[in-house]
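# Fold and contact review
Below are the chains, spelled out letter by letter.
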Amino acid sequence: MTVDTATAAGATSRDDAGVVLPVGIIGFGWMGRAHAQAYARIRHHYPHISPVPRLMVIADEVTDRAAQAAAQFDVPSTVADWRQVVDDPTIGAVSVTAPNFLHRDIGCAVVSAGKHLWIEKPVGLSAGDARAVAAAAADAGVQTAVGFNYRNVPAVAAARELIAAGGIGEVTHARFRLFSDYAAHPDGALSWRFQRDRGGNGVLGDLASHGADLVWFLLGEIDSLVADTAIFVAERPKPTGATAGHQLASGGERGPVENEDYVSAQMRLASGARCVLEASRMSVGAQNSYGFEIHGTSGVVRWDYRRMGELEVGQGSDYQDLAVSTRFVGPGSGDYAAFQPGAANPMSYDDLKVIEAARFCESIADAGSAVSGSGVADAGRAPSAGATIADAVRAAEVLDAMTTSVREGTWVSPASMR
Ligand SMILES: NC(=O)c1ccc[n+]([C@@H]2O[C@H](COP(=O)([O-])OP(=O)(O)OC[C@H]3O[C@@H](n4cnc5c(N)ncnc54)[C@H](O)[C@@H]3O)[C@@H](O)[C@H]2O)c1
């Protein structure tokens, strides 16, 4: 492969496969792996996309982990220090899949080096962190993508279209839940996720951030909210070695859990609709129980992540005793057609990351023409639009508003967090 272009934003190169976008991944835990798999699969599902991403370097402070991943994914180079990825002029785009406390420093460094950025949610520990990355990306004129993968679900795109078309009338009230049990075991290791200076606000950034993005994606701006939070397990065992994902550790010294296990928020939306968002990392018996139920003046739409391809929809003029039926989403919805030819073939979590990667690469291809800057524009964008750093800032302001509401015991406007 020869490097023949180093554009103002994101170096590309050319080989037999055409124009190549050399990419790096920083942090190779669960999400690093998901991003690597997504880059590898883009051509299978989106053959028109050019430049084609090619993973050239993996950075992880756990060097064995990086080396194993490089062998598995046929990646030529690994480094322990993420700064080497930032300083490499041949790399055009970077995935930041390291823990939350590193998002701001790494994200700002990546974009300031002129590289396009695909960064995991929540983008730092606070709205201030997300705003810093957004400002640096705007200054650099690079493209950004953020890991709000649930908006990529074709059924969620279909729900958005249905609601926007008035298919359930005026939205009156809605409920979003994100229940998981990854921290339900009292011996779940005290990883970075449970520390405020490394994981931020706990389940707020981990799960409620997805909910905040979905509320906006489906229903629009949140006008104000009042929230409550709780920590249910006060201490957890300290891990004895490097962690990845959600591991158990028992017997050793225990340390304090510093951030939230649970959050609930009542919201008033700008549309006038009312909304409840609830998220927990300690929901015993609930594994990835994510979903929403949205009621309108004449109908309802419900979705459950665990039955990703199905929408429950009730419409009509019955009002009372309205029949609700299950729709299997098919090629007409979102990016479904890139994966399956007919309805009711189940898609997977990993497919959502392929969609995210594709939108990221499409934004890079479109840069300078239809799409500009860091993709901040909201109005008029396609229903299938991928999340950008602007969406991360918006979601982070909602989370900051929740924290402020808990501290002050009052209704808080996310806009006041700006
Ligand atoms: N979009 C989603 O659905 C989703 C799901 C899970 C996690 N996430 C987000 O992805 C990010 C990573 O989460 P994860 O579950 O993959 O975590 P993880 O703990 O499994 O992996 C983190 C990796 O980063 C590495 N790392 C730590 N410090 C580093 C440094 N200084 N330099 C290089 N590498 C370093 C660790 O060794 C580890 O391999 C978090 O921000 C999290 O919120 C998003």
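### Re the environment of Ser 317
If you trace the backbone, Ser 317 turns up in the loop between β17 (310-314) and β18 (325-328). Separated by 84 residues in the primary sequence, Ser 317 and Ala 401 have C-alpha atoms spaced 38 Å apart.

### Remarks on the domain arrangement of the protein
What the domain assignment lists for the protein is domain 1 (2-149) and domain 2 (150-347 + 388-417). A straight line from the C-alpha centre of domain 1 to that of domain 2 covers 26 Å. When domain 1 packs against domain 2, the two sides together hide about 2,400 Å² of surface, and 60% of this comes from carbon and sulfur. On the domain 1 side of the contact with domain 2, Leu 125, Phe 148 and Asn 149 bury the most area, a combined 27% of that side's loss. In this assembly, domain 1 and domain 2 are joined by 1 salt bridge. Between Arg 131 and Glu 397 there is a salt bridge whose closest N-O contact spans 2.9 Å. Contributing elements (two or more residues each) for the side of domain 1 that touches domain 2: α1 (30-45), α5 (127-140) and β8 (144-146). In terms of residues, the side of domain 1 that touches domain 2 owes the most to one element, α5, which gives 5 residues. Of the residues belonging to the side of domain 1 that touches domain 2, the class tally is 14 nonpolar, 6 polar and 4 charged.

### Things to note about the sheet that holds strand β13 (residues 262-269)
Read from one edge to the other, the open sheet built from 8 strands follows the order β10-β13-β14-β9-β15-β16-β17-β18, with strand pairing classed as mixed. Two strands close off the open sheet at either side, each with one partner strand: β10 (222-230) and β18. Within the sheet, the average angular offset between the axes of one strand and its neighbour, ignoring direction, is 15°. Examined bridge by bridge, β10 and β13 share 8 bridges and lie antiparallel to one another.

### With respect to the packing of helix α4 (residues 103-112) against α5
Direction vectors running N to C along α4 and α5 enclose 5°, while the axes themselves pass 8 Å from each other. In terms of orientation, α4 lies roughly parallel with respect to α5. For the pair α4 and α5, contact is made by His 103, Arg 104, Gly 107, Cys 108, Val 111 and Ser 112 and by Gly 128, Asp 129, Ala 132, Val 133, Ala 136, Ala 137 and Ala 140, respectively. Along the lines of polarity and charge, the residues of the contact of α4 with α5 split into 7 nonpolar, 4 polar and 2 charged.

### Concerning unusual backbone geometry
In this structure, Pro 51 follows Ser 50 across a cis peptide bond, with omega equal to 10°. With respect to the element layout, Pro 51 can be found in the loop between α1 and β4 (52-59). The amide bond that connects Lys 121 to the next residue, Pro 122, takes the cis arrangement and shows omega of 5°. With respect to the helices, strands and loops of the structure, Pro 122 is situated in the loop between β7 (116-119) and α5.

### Quick notes on the nonpolar core
Membership of the largest hydrophobic core comes to 126 residues, with the highest contact counts inside it found for Phe 176, Leu 218, Met 267, Ile 294 and Met 402. Lining this core are residues from two domains, each supplying at least three of them: domain 1 (2-149) and domain 2 (150-347 + 388-417). Ignoring any residue separated from it by four or fewer positions in sequence, one finds Met 402 in contact with Leu 204, Leu 225, Ala 227, Val 263, Ala 265, Met 267 and Leu 277.

### Here we look at the confidence of the model for the protein
In the predicted model, the protein carries a mean pLDDT of 92, and the fraction of residues at 70 or more is 92%. Here residues 1-8 scores under 50 on pLDDT; set against residues more than four positions off or in separate chains, the count is 18 contacts. Contacts of residues 368-383 to residues separated by more than four positions or lying in other chains number 24 contacts, the stretch itself having pLDDT below 50.

### Notes on the pattern of salt bridges
If charged atoms from side chains of opposite charge come close, those side chains can pair. All chains considered together, the criterion is met by 23 salt bridges. Salt-bridge contacts for Asp 335 lead to Arg 359; the nearest nitrogen and oxygen are separated by 3.2 Å. Residue Asp 335 is found in the loop between β18 and α9 (349-366), and its partner Arg 359 is found in helix α9; the two are separated by 24 residues along the sequence. Of the residues examined, Arg 359 reaches a relative accessible area of 12% and is grouped as buried. A salt bridge links Arg 394 to Asp 391; the shortest N-O distance between them is 2.7 Å. Of this pair, Arg 394 and Asp 391 both sit in helix α10 (residues 389-408), 3 residues apart, roughly one helical turn. Neither residue differs from the other here; Arg 394 and Asp 391 are each classed as buried. One connected set of salt bridges, linked through shared partners, spans Arg 151, Asp 213, Glu 221, Asp 391 and Arg 394.

### What about the packing of aromatic side chains?
Taken as a whole, this structure holds 13 aromatic pairs when the rule is applied. What links up through ring pairs into an aromatic cluster is the set Trp 30, Tyr 150, Phe 176, Tyr 290, Phe 292, Trp 303, Tyr 305 and Tyr 349. The ring centre of Phe 217 lies 4.1 Å from the NZ or CZ of Arg 160, which sits over that ring. Just above the ring of Trp 411 sits the side chain of Arg 268; from NZ or CZ to the centre is 3.9 Å.

What counts, and at which threshold
Residues numbered from 1 in each chain as written. Predicted model: local features only at pLDDT ≥ 70, side-chain atom pairs only at ≥ 80, totals over all residues. Heavy atoms only, no water. Helix = DSSP H or I, 4+ residues; strand = E, 2+ residues; numbered from the N terminus. Domains from an automatic or database assignment. Buried area = accessible area lost by both parts, 1.4 Å probe. Salt bridge = Lys/Arg side-chain N within 4 Å of Asp/Glu carboxyl O. Nonpolar A, V, L, I, M, F, W, Y, C, P; charged D, E, K, R; others polar. Pairing = 2+ DSSP bridges. Axes fitted to C-alpha atoms, helices over the stretch in contact; angles between N-to-C directions. Parallel < 35°, antiparallel > 145°, perpendicular 65-115°, else oblique. Contact = heavy atoms within 4.5 Å. Core = buried A, V, L, I, M, F, W, Y, C linked by side-chain atoms within 4.5 Å. Buried < 20%, exposed > 50% of the residue type's maximum accessible area, 1.4 Å probe, protein only. pLDDT = per-residue confidence, 0-100. Phe/Tyr/Trp six-rings, centres within 6.5 Å; stacked < 30°, edge-to-face > 60°. Lys NZ or Arg CZ within 6 Å of the ring centre and 35° of its normal.

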